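# Results of the structural survey
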Amino acid sequence: MIDLLQDLRIHPLRTVLTGVSLFIGVLAVVGIVLAGSVARSVAVATAEQQSGRSPSYLTSIEFGKELTGQRLIELAHSLPTTTRVSMEYTGLEGIAVSPWPGDGGVPVTVTRSAVSIVAGDMLGTLRMPITSGRWLSADEQTAPIEVVVNKASARTIGGQGRVVAISGTGSTRVSPGVVVGIVNDGDSEPRIYVKATALAHLAPTIARPSGIVLRWHVPGWTSSQVASASSDWAADMRLPPPDSPVRVDTVDEFLPVISTLQVSFGAAAVLALAVAAIGILNVGLASISERSRELVIRRALGASRASIFALVVGSSMLLAVAVAIISVVVAAAVVAAFPMFLPPDTPIDSPVFPVMAVVVGTSAALLTALLGALAPGLAASRSQPGNALRT
Amino acid sequence: MNASDPLLSAVGLTVEITLADGSRLRPVMDATVSVCEGTSAAIVGRSGSGKTSLASVLGLLNTGFSGSYRFRGQDPRDLSDRRLSEMRARDVGFVFQNFSLMAHLNATANVAVAAQYAGHNRADAVKRARTSLSMVGLGNRAEAFPRQLSGGEQQRVAIARALVSEPRLVVADEPTGALDLDTGDDVFRLLLDGVRNLGTTLVVVTHDPTRAGSCDRVLTMDRGRLSESCT
């Protein structure tokens, strides 16, 4: 080990530059994998915000008649809990949410199309990070009605604690609501989320849906499995049969593009490592040429071919191991620091330490160093001790 | 093997070199010589007479020869590279004309390298190196790097390196060739004293007849032919 360290000290600057080129190669691999992972995460998050987690299926059920508030509550409570399913009312007429008069908010009425009356595992089926506050609670009988707004809506209605007026065309009654949270649903238009059961309990005359849409997100399930589950649930709830499931998530459309990008990035990383390997090979051969006298003397002093080979390759490998350790530490620090650069309500998942990328990167660095040192090592081992007396 | 046995013996030894242009050169032709343990032999001759080529074979650096050569009873051509390297490390020390120290190692490390190749562990090698440097009067310069040493001091480090493993044979090729006269005398005397103290055999290539005369035997090379001169 000491011999190898001494060997690296022959040309400190050369050693440092070789190490830096290896370091860049490893970081290129780790960085590119990380960038690919973040790009994938951004694309997936955006798609899942807008069209649901992958896979997401929608099944619609038209009631055919108006259901009572109690029936609506039964439906919401009967949603399967073993799978991720959420429910949203359809056919709502005239429901509107506006700032409560005198509450200081800008008097903007949010149209009915932007009010979502929901139930079930909404956050499990759509990717909606909470920017501030919280999601709608399980408490559905305590006034005022809880409301969650999206970021666009928060700009017009106001944020947490804002009191709003919930009204519908079927009733002259206006029910008070309070904003309990803001979500980032990826929608640039104002949207407000209200819990179906709370509305049914506290203002049953406001929301009179003509049907519901069920959103299913069960990884691994096929369309027919969703159809079967929907039909069973509808039958259990004595509802008309649902429409055929429609897959709505768009993540799969992005994945091939992202995969292609990742392959391209990977190729760039391999290229970076190849350049590093050629650099090491070049430096190694130049170094051996420069050290030919020293190596011949070592041979004369009793170094075997194998020990000369081990000396040259070993010092390169020692450098590569040192670089690999530094790379792992730097990669870990970068990954740990990454969330600090993301907005708090980002829909993307914080990148996890790319173990595989680091393993691949450091292995590639070791392999690169080995490949770059093999030819110089072989050249060095061929030093002829017979030349020792000839200078 | 006792002191009167030859440490090395060559019979009809011929070294043939193929040059880049395809022509062949025989720097050593049909040389016959034996050198007993603990004695010293100088090889003298004009430049290009084959002295260094002969010393290379005798010092186990070159196995490309015809005829017979045995070192401690063994033909070096029968040995693998590993075994030959081991034998060279343990049994042969070298002193080169241009010192040939490793610039990135200090004096102790330069000497210890030879001891390590001879099979001593690092700690033991360093201990031996310091002792050997003290023997050549460089105990206080053990940590100095070659660039910090004079030519005479560098050659003394080289002598310490050659003797550190207490080898059977020291091959010195023009050990004073790069030194001024007085320094050369000191170094040559140090070399002779060193090998005599250890009972080591010395083969020294030199142009200087006076220094050659201080050896037990003088072998003369003339256009590849070896003959023994009276001293």
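These numbers were taken from a predicted model, which means no experiment stands behind them.

Turning our eyes to something else, we now look at the overall build of chain B. Scanning chain B for helices and strands turns up seven helices and nine strands. Looking at chain B alone, contacts between residues at least 24 apart form 70% of all its contacts between residues at least 6 apart.

We now examine unusual backbone geometry. Note the cis peptide between serine 54 of chain A and proline 55 of chain A, where omega equals -5°. As for its position among the elements, proline 55 of chain A is in the loop between α2 (12–51) and β1 (57–62). Residue aspartate 30 of chain B is not a glycine yet carries a positive backbone phi of 55°. Here aspartate 30 of chain B lies in strand β2 (residues 24–36). With a phi angle near 65°, leucine 60 of chain B is a residue other than glycine that sits in the positive phi range. Mapped onto the fold, leucine 60 of chain B is located in the loop between α1 (51–58) and β4 (65–71).

Structurally, arginine 122 of chain B is set in helix α4 (residues 122–135). C-beta crowding within 10 Å serves as the criterion here: with 14 such atoms nearby, arginine 122 of chain B is assigned to the partly exposed category. A C-alpha to C-alpha distance of 9.7 Å links arginine 122 of chain B and alanine 109 of chain B, two positions 13 residues apart in sequence. In contact with arginine 122 of chain B, other than residues within four places in its own chain, are Ile2 of chain A together with Gln116 of chain B.

All right, on to the packing of helix α3 (residues 107–117) of chain B against helix α5 (residues 151–163) of chain B then. A pair of packed helices is characterised by two quantities: the angle between their axes and the separation of those axes. Residue and element names in this part refer to chain B. It is at 8 Å that the axes of α3 and α5 come closest, and there the two elements cross at 30°. Looking at the two axes, α3 sits roughly parallel to α5. The hand of the α3/α5 crossing is right-handed. For the pair α3 and α5, contact is made by Ala107, Asn110, Val111 and Ala114 and by Val157, Ala160 and Arg161, respectively. A per-class count over the contact of α3 with α5 returns five nonpolar, one polar and one charged.

Okay, the nonpolar core next. Core analysis: the largest hydrophobic core is formed by 117 residues, its most contacted members being Val29 of chain A together with Ile43, Val111 and Val203 of chain B. Apart from the residues lying within four places of it in its own chain, the contact partners of valine 203 of chain B are Val35, Ala41, Ile43, Ala55, Leu58, Leu169 and Val171 of chain B.

Let us look at the interface of chain A and chain B. The parts lose accessible area when they come together, and the size of an interface is often stated as this lost area. Residue-level contacts link 19 residues of chain A with 25 residues of chain B. Sorting the residues of the side of chain A that touches chain B by element identifies α1 (2–8), α9 (292–301) and α10 (305–337) of chain A as the ones contributing at least two each. Here the side of chain A that touches chain B is composed, by residue class, of 10 nonpolar, five polar and four charged.

Another point: the packing of α5 of chain B against helix α6 (residues 181–198) of chain B. Residue and element names in this part refer to chain B. Axis separation between α5 and α6 bottoms out at 10 Å; the angle between their running directions is 15°. Our classification of the angle between α5 and α6 gives roughly parallel. The handedness of the crossing between α5 and α6 is right-handed. Contacts between α5 and α6 involve Gly151, Gly152, Gln155, Arg156, Ile159 and Leu163 on the former and, on the latter, Thr183, Asp186, Val187, Leu190, Leu191, Gly194 and Leu198. Partitioned by chemical class, the residues of the contact of α5 with α6 number six nonpolar, five polar and two charged.

So, about α9 of chain A. Counted residue by residue, α9 of chain A has eight buried out of 10 residues, so it is predominantly covered. Downstream of α9 of chain A by a residue or two, glycine 302 of chain A has a phi angle that is positive, lying close to 120°.

This next bit is on the sheet that holds β2 of chain B. Residue and element names in this part refer to chain B. The three strands lie next to each other as β2-β1-β4, forming an open sheet whose pairing is antiparallel. Two strands close off the open sheet at either side, each with one partner strand: β2 and β4. Looking at each pair of strands side by side, their axes are set apart by 15° on average, direction ignored. Bridge count between strand β1 (residues 6–18) and β4: six bridges; the pairing is antiparallel. Paired with leucine 8 across the bridge in β4 is phenylalanine 71.

A few words on the confidence of the model for chain B. Chain-level pLDDT for chain B is 91 on average; 97% of the residues reach the 70-or-more range. With pTM at 0.66, the complex prediction returns an ipTM value of 0.92.

What follows covers helix α2 (residues 81–91) of chain B. Buried residues of α2 of chain B: Leu84, Ser85, Arg88, Ala89 and Asp91 of chain B, and no others. Packing partners of the buried residues in α2 of chain B comprise α9 of chain A together with β5 (92–95), α3 and β6 (169–173) of chain B.

This part takes up the confidence of the model for chain A. Predicted coordinates in areas of low pLDDT are best not read in detail. Mean pLDDT over chain A works out to 82, with 93% of the residues at or above the 70 mark. Taking the mean pLDDT of every element in chain A, the minimum, 73, falls on α1 of chain A and the maximum, 93, on β1 of chain A.

Below, the discussion takes up the pairing of strand β3 (residues 40–45) of chain B. Residue and element names in this part refer to chain B. When you tally the buried positions in β3, you get six out of six residues, the bulk of the element. Burial along β3 is two-sided: Ser40, Ala42 and Val44 and Ala41, Ile43 and Gly45, pointing in opposite directions, are all buried. Pairing analysis gives four bridges linking β3 to strand β7 (residues 201–205), with the strands arranged parallel. Paired with alanine 42 across the two strands is valine 204, which belongs to β7.

Residues and elements named next belong to chain A. Of all the seven residues making up strand β10 (residues 211–217), five are buried; the element is thus mostly covered by neighbouring parts of the structure. With seven bridges joining them, strand β2 (residues 84–90) and β10 adopt antiparallel strand pairing. Within β10, the residue paired with arginine 84 across the bridge is histidine 217.

Thresholds, definitions, all that
One numbering rule holds for all chains: residues counted from 1, following each sequence as written. Starting at A for chains and at 1 for ligands, labels are handed out in the order in which the entities are written. This being a predicted model, a pLDDT of at least 70 is required before a residue's local features are given, and a value of 80 or more before pairs of side-chain atoms are given or counted; all residues contribute to the totals for chains, interfaces and linings. To qualify as a helix, a DSSP run of H or I must reach at least 4 residues; to qualify as a strand, a run of E must reach at least 2; elements of each kind are numbered from the N terminus. Note that contacts rest on C-beta atoms placed from the backbone: two residues are in contact if these are within 7 Å. Each residue is classed by its C-beta neighbour count within 10 Å, where at least 20 other C-beta atoms makes it buried, 12 or fewer makes it exposed, and intermediate counts make it partly exposed; the C-beta atoms are placed from backbone geometry. Axis lines are fitted to C-alpha atoms, over the contacting stretch for helices. Their N-to-C directions set the angle, which ranges from 0 to 180 degrees. Working rule for angles: under 35 degrees goes down as roughly parallel, over 145 as roughly antiparallel, 65 to 115 as roughly perpendicular, anything else as oblique. A clockwise turn of the near helix away from the far one marks a right-handed crossing, whereas an anticlockwise turn of less than a right angle marks a left-handed crossing. Side-chain classes are defined by residue name, with Ala, Val, Leu, Ile, Met, Phe, Trp, Tyr, Cys and Pro counting as nonpolar, Asp, Glu, Lys and Arg as charged, and the others, Gly among them, as polar. Here a nonpolar core is just a set of buried residues of the types Ala, Val, Leu, Ile, Met, Phe, Trp, Tyr and Cys, joined wherever their C-beta atoms sit within 7 Å. At least two bridges found by DSSP between two strands are what make those strands a pair. Here pLDDT means the predictor's own confidence in every residue, given as a number from 0 to 100.

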